[in-house]
Amino acid sequence: RPQEPVFMPKGDQKKVFAVPPEYLSDKYKPIGTQVTNRFGEEANETVPVNRISIPPMGEILELPRDSNFSLFIPKHRRIAGRLIDIFLGVRNVDDLLAVAVYARDRVNPYLFNYALSVALLHREDTQDLDVPSIIHSFPDKYVDSKVFNKAREDATVVPEGARMPIEIPRDYTASDLEEEHRLAYFREDIGLNLHHWHWHLVYPFEAARSVVNKNRRGELFYYMHQQIMSRYNFERLCNKMKRTERLIDWNAPIKEAYFPKLDSLVASRSWPARVSGQKLQDVRREVDGIKLDVEDLKRWRDRIYDAIHAGFVRDRNDRQVPLTEFEGIDVLGNIVESSILSPNRDFYGDMHNTGHILLSYIHDPDHRHLESFGVIGDSATAMRDPIFYRWHGFVDDLFQDFKSRLPRYEENRLNYPGVTVESVNVTVQGGQPNALQTFWQQSDVDLSRGMDFSPRGSVFVRFTHLQHRPFTYNIVVQSNQPREGTCRIFLAPKFDERGNPWLFRDQRLMFIELDKFRVNLKQGENTITRNSADSSVTIPFERTYRDLDTSRPQGGQQLAQFNFCGCGWPDNLLIPKGSPEGFSCQLFVMISNINDDRINQDASGQCNDADSYCGIKDKLYPDRRSMGYPFDRMPRQGVDTLQQFLTTNMRVQDVSIQFQNRTFKPREGN
Ligand code: CUO
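These numbers were taken from a predicted model, which means no experiment stands behind them. (Residues numbered from 1 in each chain as written. Predicted model: local features only at pLDDT ≥ 70, side-chain atom pairs only at ≥ 80, totals over all residues.)

## What to know about the overall build of the chain
Broken down by element type, the chain carries 21 helices and 20 strands. Its C-alpha atoms give the chain principal-axis dimensions of about 80 × 60 × 55 Å. Expressed as a percentage of its 670 residues, the buried residues of the chain come to 47%. Contacts spanning at least 24 positions in sequence make up 77% of the contacts within the chain whose residues lie at least 6 apart. (Helix = DSSP H or I, 4+ residues; strand = E, 2+ residues; numbered from the N terminus. Buried ≥ 20, exposed ≤ 12 C-beta atoms within 10 Å, placed from the backbone. Contact = placed C-beta atoms within 7 Å.)

## Some remarks on the environment of Arg-104
Note on placement: Arg-104 falls in helix α3 (residues 93-104). What makes Arg-104 partly exposed here is the crowd of 17 C-beta atoms within 10 Å. With 29 residues separating them along the chain, Arg-104 and Lys-75 place their C-alpha atoms 20 Å apart.

## Things to note about the pairing of strand β11 (residues 435-446)
Strand direction decides the pairing type here: β11 and strand β20 (residues 650-664), joined by seven bridges, are parallel. For Gln-437, the partnering residue across the bridge sits in β20 and is Gln-658. Where β11 lies against strand β12 (residues 460-468), nine bridges are found, and the strand directions are antiparallel. Counterpart to Thr-438 in the pairing with β12 is His-468. (Pairing = 2+ DSSP bridges.)

## Brief notes about the packing of helix α12 (residues 328-337) against helix α15 (residues 386-403)
Where α12 meets α15, the closest approach of the two axes is 11 Å, and the angle between their N-to-C directions is 150°. Overall, the two elements α12 and α15 adopt an arrangement that is roughly antiparallel. The two elements α12 and α15 meet at a crossing, and its hand is right-handed. Side by side, α12 and α15 meet where Gly-328, Ile-329, Leu-332 and Val-336 of the first sit next to Val-395, Leu-398, Phe-399 and Phe-402 of the second. For the contact of α12 with α15, the per-class residue count stands at seven nonpolar, one polar and no charged. (Axes fitted to C-alpha atoms, helices over the stretch in contact; angles between N-to-C directions. Parallel < 35°, antiparallel > 145°, perpendicular 65-115°, else oblique. Left-handed = near helix turned anticlockwise from the far one by under 90°. Nonpolar A, V, L, I, M, F, W, Y, C, P; charged D, E, K, R; others polar.)

## As for the sheet that holds β20
Spatially, the seven strands line up as an open sheet ordered β3-β12-β11-β20-β19-β14-β15, and their pairing is mixed. Two strands close off the open sheet at either side, each with one partner strand: β3 (166-167) and β15 (512-521). In the sheet, strand β14 (residues 483-493) pairs with β15 via nine bridges, with the strands oriented antiparallel. Paired with Cys-487 across the bridge in β15 is Phe-517. Running at roughly 115° to β15, helix α10 (residues 217-238) makes contact with β14, β15 and β19 (583-593) of the sheet.

## With respect to the UniProt feature "domain: Tyrosinase copper-binding" (unreviewed entry) in the chain
UniProt records the feature "domain: Tyrosinase copper-binding" (unreviewed entry) at residues 385-396, using the numbering of this structure. For residues 385-396, the helix share is 92%, the strand share is 0%, and the end-to-end C-alpha distance is 17 Å. (UniProt positions renumbered as here; feature names shortened; annotations may be inferred.)

## A word on the environment of Gln-441
Structurally, Gln-441 can be placed in strand β11. With 24 residues separating them in the primary sequence, Gln-441 and His-465 have C-alpha atoms 5.4 Å apart. Setting aside chain neighbours within four positions, we find Gln-441 in contact with His-465, Gln-467 and Phe-664.

## Focus: the nonpolar core
One finds Leu-83, Phe-87, Leu-111, Ala-115 and Val-589 to be the most contacted residues of the largest nonpolar core, which totals 166 residues. Per-element accounting of this core gives the leading share, eleven residues, to α10. Mapped onto the domain boundaries, this core takes at least three residues apiece from domain 1 (15-129) and domain 2 (180-403). Sequence-distant contacts of Leu-111, defined by excluding residues within four places in its chain, comprise Leu-63, Phe-69, Ile-79, Ala-80 and Leu-83. (Core = buried A, V, L, I, M, F, W, Y, C linked by C-beta atoms within 7 Å. Domains from an automatic or database assignment.)

## Notes on the domain arrangement of the chain
Segmentation of the chain into domains returns domain 1 (15-129) and domain 2 (180-403). Across the boundary between the two partners, domain 1 contributes 20 residues, which contact 22 residues of domain 2. Sorting elements by how many residues they give to the side of domain 1 that touches domain 2 places helix α2 (residues 74-89) first, with seven residues. In the side of domain 1 that touches domain 2, the residues fall into ten nonpolar, six polar and four charged.

## A short note on the confidence of the model for the chain
Confidence in the prediction for the chain averages 89 pLDDT; 90% of positions are at 70 or higher. Segment residues 1-12: pLDDT under 50, and 19 contacts once partners within four positions in sequence are set aside and those in other chains are kept. Contacts from residues 547-563, a stretch scored under 50 in pLDDT, to residues over four places away or in other chains number 35 contacts. (pLDDT = per-residue confidence, 0-100.)

## Some points on the sheet that holds strand β13 (residues 471-479)
Spatially, three strands are ordered β10-β13-β16 in an open sheet, and the strand pairing comes out antiparallel. Two strands close off the open sheet at either side, each with one partner strand: β10 (419-428) and β16 (524-531). Pairwise comparison of adjacent strand axes, ignoring direction, gives a mean angle of 15° for this sheet. Inspection of the sheet shows β10 paired to β13 by nine bridges, in the antiparallel sense. When the bridges of β13 are listed, Thr-427 appears paired with Thr-472.

## Details of the packing of α10 against α15
Contact geometry of α10 with α15 gives a least axis separation of 10 Å together with a crossing angle of 125°. When the axis of α10 is compared with that of α15, the two are oblique. Of the two possible hands of crossing, α10 and α15 adopt the one that is left-handed. Between α10 and α15, the residues in contact are Tyr-222, His-225, Gln-226, Ile-228, Met-229 and Tyr-232 and Tyr-389, His-392, Gly-393, Val-395, Asp-396 and Phe-399, respectively.

## Focus: the pairing of β12
Burial of β12 is extensive: seven of the nine residues sit out of reach of the surface. Both β3 and β12 contribute to a ladder of two bridges, which runs parallel. When the bridges of β12 are listed, Glu-167 appears paired with Arg-462.

## Overview of helix α14 (residues 351-360)
Counted residue by residue, α14 has ten buried out of ten residues, so it is predominantly covered. All buried positions along α14 are accounted for by Met-351, His-352, Asn-353, Thr-354, Gly-355, His-356, Ile-357, Leu-358, Leu-359 and Ser-360.

## Points about unusual backbone geometry
For the bond from Glu-337 to Ser-338, the omega torsion is -10°, close enough to zero to count as cis. Tracing the chain through its elements places Ser-338 in the loop between α12 and α13 (345-348). Here the phi dihedral of Arg-216 falls at roughly 55°; this positive angle occurs in a residue that is not glycine. Along the chain, Arg-216 falls in the loop between α9 (209-212) and α10.

## Some thoughts on the environment of Leu-265
When you line up the elements, Leu-265 lands in the loop between β4 (263-264) and β5 (269-270). Taking the C-alpha atoms as reference points, Leu-265 and Thr-544, 279 residues apart in sequence, are found 22 Å from one another. Once residues lying within four places of it in the same chain are set aside, the contact partners of Leu-265 are Asp-140 and Phe-148.

Structure (structure tokens):
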């Protein structure tokens with residue numbers, strides 16, 4: 001096994017693969033040695049490549065190398081599944097390297113990167129290997145296309161040490177004439193889109209069953225996307241906008257437009273835009289193997305609603321499978337998404353994925369203009385488009401319809417006798433108590449790895465993103481005996497978009513999870529302090545943008561688990577933007593009864609720090625409760641307000657989020 005991650009040459013170590021001549025693709029075969037020498041000159045280490053008999057690639061090679069690639073397209077998923085199987089099927093790491101080297105120059109680059117990432121994540125013998133972050137491989141999916149020309153110019157004209165970061169303006173996709181543009185800072189956040197890409201990489205809906213069948217993955221599909229919706233709606237309220245309107249009328253013109261201003265370097269094409277007023281249409285695209293009707297979508301939706309209302313689904317053999325109180329949401333998540341774990345994909349179809357497809361081809365449904373899909377057709381870019389949230393608003397509402405039929409939590413499933421939360425506050429160093437602070441921050445990221453031009457060397461891009469000051473929760477809890485519990489922290493806006501207090505049944509859907517952790521209580525008074533940076537929702541900024549600065553030494557541990565560890569809400573978006581006047585929120589803290597929380601497993605190790613939305617690699621989801629507890633159900637009888645919902649082991653504190661409209665320059669070190 002190679003000692004260094006061979007897929008990622010860094011700094012001075014320039015490696016070159018000793019590619020066996022028979023592996024070269026046809027176009028390079030006649031000039032084989034020249035090609036090898038050309039790259040060999042810059043290298044100071046040669047990595048031997050085994051000669052093995054390469055499994056037939058067949059259909060995998062049908063996707064042109066300069067095409068775009070999307071997991072939402074059934075044909076693309078199928079060939080991705082085949083390539084993953086090939087990568088998983090070879091005997092050892094050396095053979096994997098051989099087949100990867102063989103495939104690299106033949107297979108579509110997006111497909112190659114995805115399939116290899118999934119394989120490295122799931123092979124036992126590659127747990128300490130790594131692929132570069134997708135932002136380094138394909139920066140074109142994350143930043144304004146203008147950057148690349150400037151970068152090319154800089155790389156040619158300016159010597160490496162003298163290059164200044166290329167600044168991407170905060171507002172580059174639209175102007176303030178477009179109301180939805182107020183949310184661009186959230187939708188186009190690089191860390192947010194990296195999180196979403198990673199989530200879908202970790203939880204693919206189609207691949208070998210052993211890869212797809214992860215603990216509660218259908219439920220996590222529901223919960224992670226539900227939290228995206230609460231967080232987006234929270235941001236909307238901060239920006240004086242109402243909550244997202246669900247996309248439920250599939251014949252009506254769609255008012256939201258989106259012009260992504262991204263160019264695909266691989267496909268040498270701009271990502272298509274969607275003008276205002278377009279309607280969903282049947283998609284007929286021979287080239288992608290797609291024949292889908294809006295009617296398909298409606299039929300699947302109706303069948304799923306029927307199942308929810310009946311309380312059971314029909315499996316392939318027409319047997320009734322009840323949607324139970326606890327596991328029902330998991331089954332439903334797999335049906336709605338859909339994944340191969342759906343009990344009946346023929347009957348319930350592929351609703352959510354098909355929505356992505358129909359929306360992504362709305363500008364060219366029959367391929368007459370030879371255009372590719374829009375950003376919503378790729379999990380790396382989908383969250384940039386306002387329509388993503390309208391579609392997922394519909395999807396979430398369907399899940400909420402199911403949830404609203406479940407038994408409500410009576411007091412005995414909420415309280416923790418003997419435990420009282422006496423007080424809660426949050427503090428920002430040097431600030432007023434219970435006032436969170438947000439602002440703009442600039443950071444630099446080196447995109448040179450994803451750009452194929454010489455002379456080489458770092459090319460930094462400077463982008464502006466939301467940030468908050470680190471803060472601390474201080475929670476005082478009384479317990480009548482020593483015990484354990486789970487501390488659950490959520491935040492919601494205090495008022496609705498009209499400025500009125502909420503009904504609990506509406507506000508519960510606005511609560512965003514901030515943290516969840518185990519606490520050991522002693523008898524008597526306990527003071528719990530917890531730093532915002534330790535949140536179970538987020539990963540640190542440095543991990544989101546891992547390899548940010550290629551000149552800095554990397555810890556092996558940081559590299560090793562990246563593919564899984566890259567999943568996690570970006571820390572810079574933990575707290576919504578707030579407002580200059582101070583946005584009124586309610587912070588909710590609960591200590592729940594450990595007996596219904598506990599999962600008996602050893603979850604120590606790496607990548608267990610963003611488990612709320614991402615789970616833990618190869619482990620059970622670490623909380624036995626239904627995801628979203630205690631806000632995932634309708635309130636018990638007689639509860640109309642948050643105050644009425646509270647039991648003694650819960651507490652609510654008014655908090656404000658103060659947004660300072662100021663931009664801070666990059667921090668030392670990046
Ligand atoms: Cu994450 Cu629709 O599932 O994008």
